Amino acid sequence: MKLDGKHVVITGGARGIGKALCDRFAAEGAKVVVADRLEEQAQATAAAINGLAVVCDVSKESDIQNLVATAEAHFGPIDLFCSNAGLFREEPGHAASASNADWETNWQVHVMSQVYAARAVLPGMIERGEGYLLNMASAAGLLSQIGNAAYSTTKHASVGFSESLSISHRDDGIRVSVMCPQFVATPMLGYDGASSDGRDGIDEVDGLIRPEQLADVVVKGLEKEEFLILPHPEVAQFIEYKATQYDKWLDGMRKLRRKVISKLGGTNSVEMHKHI
């Protein structure tokens, strides 16, 4: 898909990866709807790209329905719906230690929000014979995230749902892509934005990329209509190793976990990305 002239909705668009996608898609010529719970930041992002801001809690299906109706009333039929919103909550202890509320929140934001979006836009897309769904998952949805079972499990489910969408609706003219990055310098990892002088330390952290770098890869992936968009290309090698050497892969992940804990005393994600 070429983005020029397309009507795009991006959830979680106020900051971080979502903002980078909004900025880049608009630069490509798209008309962008910025959806987020953070009203002021969404308004600022939208104003900078001549877009539309809509307050939306993606865990609520009614909010998704209102988002779609508002976007269509403003710009017309949605060509690309990007379910980008996400969250990360630290796991307090063992792999089942997260509260039921945290598991439910992960499930609602990472999985059901994408179900709600597809439910809202698919009928119109199918009727028109075209449309695109772009879902944010994570490399954790293909591999795993040390220290956060709820995050990893729901990101796996996001990849699985995206596969089902592609299998079921490609013949209807619907294209599907799923983004699976590793570490990205966003507020989720304690990065509130790059410094103007470039001395923010981001480029010195191995494997850490800027949101703008991810957006570049996503645009190229959309142009090629790739299902799996990997901003960190080494993830493809990790997937292959996992698929062909599953027990060795699990053993390697255990060793990595021990290494992280020996250095940090735990598996806090904000610090972990600097030591993997």
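Worth saying up front: this structure is predicted, and the values here are computed from it rather than measured.

(A) View of the packing of aromatic side chains. In total, this model carries two aromatic pairs according to the counting rule given. Aromatic side chains tyrosine 246 and tryptophan 249 sit 5.9 Å apart centroid to centroid with 80° between the ring planes, which places their arrangement in the edge-to-face category. Taken as a pair, tyrosine 246 and tryptophan 249 lie in helix H8 (residues 246–264) at a separation of three residues, close to a single helical turn. On the basis of relative accessibility, which here comes to 10%, the residue tryptophan 249 falls in the buried class. Across from the ring centre of tryptophan 249, 4.6 Å away, lies the NZ or CZ of lysine 242, which sits over that ring.

(B) Layout of the pattern of salt bridges. Tallied over the full model, the rule gives eleven salt bridges. Of the charged contacts in the structure, one is a salt bridge between lysine 2 and glutamate 223, with a shortest N-O distance of 3.7 Å. One end of the pair, lysine 2, is in the segment before strand S1 (7–11); the other, glutamate 223, is in helix H6 (residues 211–224), with 221 residues separating them in the sequence. On the basis of relative accessible area, lysine 2 is assigned to the exposed category, the value being 57%.

(C) Region of interest: the packing of helix H1 (residues 16–27) against H6. One can describe the packing of H1 onto H6 by two numbers: an axis separation of 9 Å at closest approach and a directional angle of 55°. Considering their axes alone, H1 and H6 lie oblique with respect to each other. Read as a crossing pair, H1 and H6 show a hand that is right-handed. Residue-level inspection shows Gly16, Ile17, Ala20, Leu21, Arg24 and Phe25 of H1 in contact with H6, the latter providing Pro211, Glu212, Leu214, Ala215, Asp216, Val218, Val219 and Leu222. Looking at the contact of H1 with H6 residue by residue, the class counts come to ten nonpolar, one polar and three charged.

(D) Inspection of the sheet that holds strand S3 (residues 52–55) at higher detail. On the basis of which strands lie adjacent, the open sheet formed by seven strands has the order S3-S2-S1-S4-S5-S6-S7 and parallel pairing. Since the sheet does not close on itself, it has two edges, and those belong to S3 and strand S7 (228–229), each with one partner. In this structure, strand S5 (residues 131–136) lies alongside strand S6 (residues 174–179), joined through six bridges in parallel fashion. Residue leucine 133 lies in a different strand from S6, and its bridge partner there is valine 176.

(E) The environment of aspartate 57, seen in detail. Mapped onto the elements of the fold, aspartate 57 is located in the loop between S3 and helix H3 (61–75). Using a relative accessible area of 17% as the deciding quantity, one classes aspartate 57 as buried. Note: C-alpha distance between aspartate 57 and valine 176 (119 residues apart in sequence) is 23 Å. Beyond its immediate sequence surroundings of up to four residues, aspartate 57 is in contact with Arg37 and Asp63. In terms of polar contacts, aspartate 57 uses its side chain to reach the side chain of serine 59, at 2.7 Å.

About the thresholds
- Residues numbered from 1 in each chain as written.
- Predicted model: local features only at pLDDT ≥ 70, side-chain atom pairs only at ≥ 80, totals over all residues.
- Heavy atoms only, no water.
- Phe/Tyr/Trp six-rings, centres within 6.5 Å; stacked < 30°, edge-to-face > 60°.
- Helix = DSSP H or I, 4+ residues; strand = E, 2+ residues; numbered from the N terminus.
- Buried < 20%, exposed > 50% of the residue type's maximum accessible area, 1.4 Å probe, protein only.
- Lys NZ or Arg CZ within 6 Å of the ring centre and 35° of its normal.
- Salt bridge = Lys/Arg side-chain N within 4 Å of Asp/Glu carboxyl O.
- Axes fitted to C-alpha atoms, helices over the stretch in contact; angles between N-to-C directions.
- Parallel < 35°, antiparallel > 145°, perpendicular 65-115°, else oblique.
- Left-handed = near helix turned anticlockwise from the far one by under 90°.
- Contact = heavy atoms within 4.5 Å.
- Nonpolar A, V, L, I, M, F, W, Y, C, P; charged D, E, K, R; others polar.
- Pairing = 2+ DSSP bridges.
- Polar contact = N/O pair within 3.5 Å; in protein donor to acceptor, adjacent residues only side chain to side chain.

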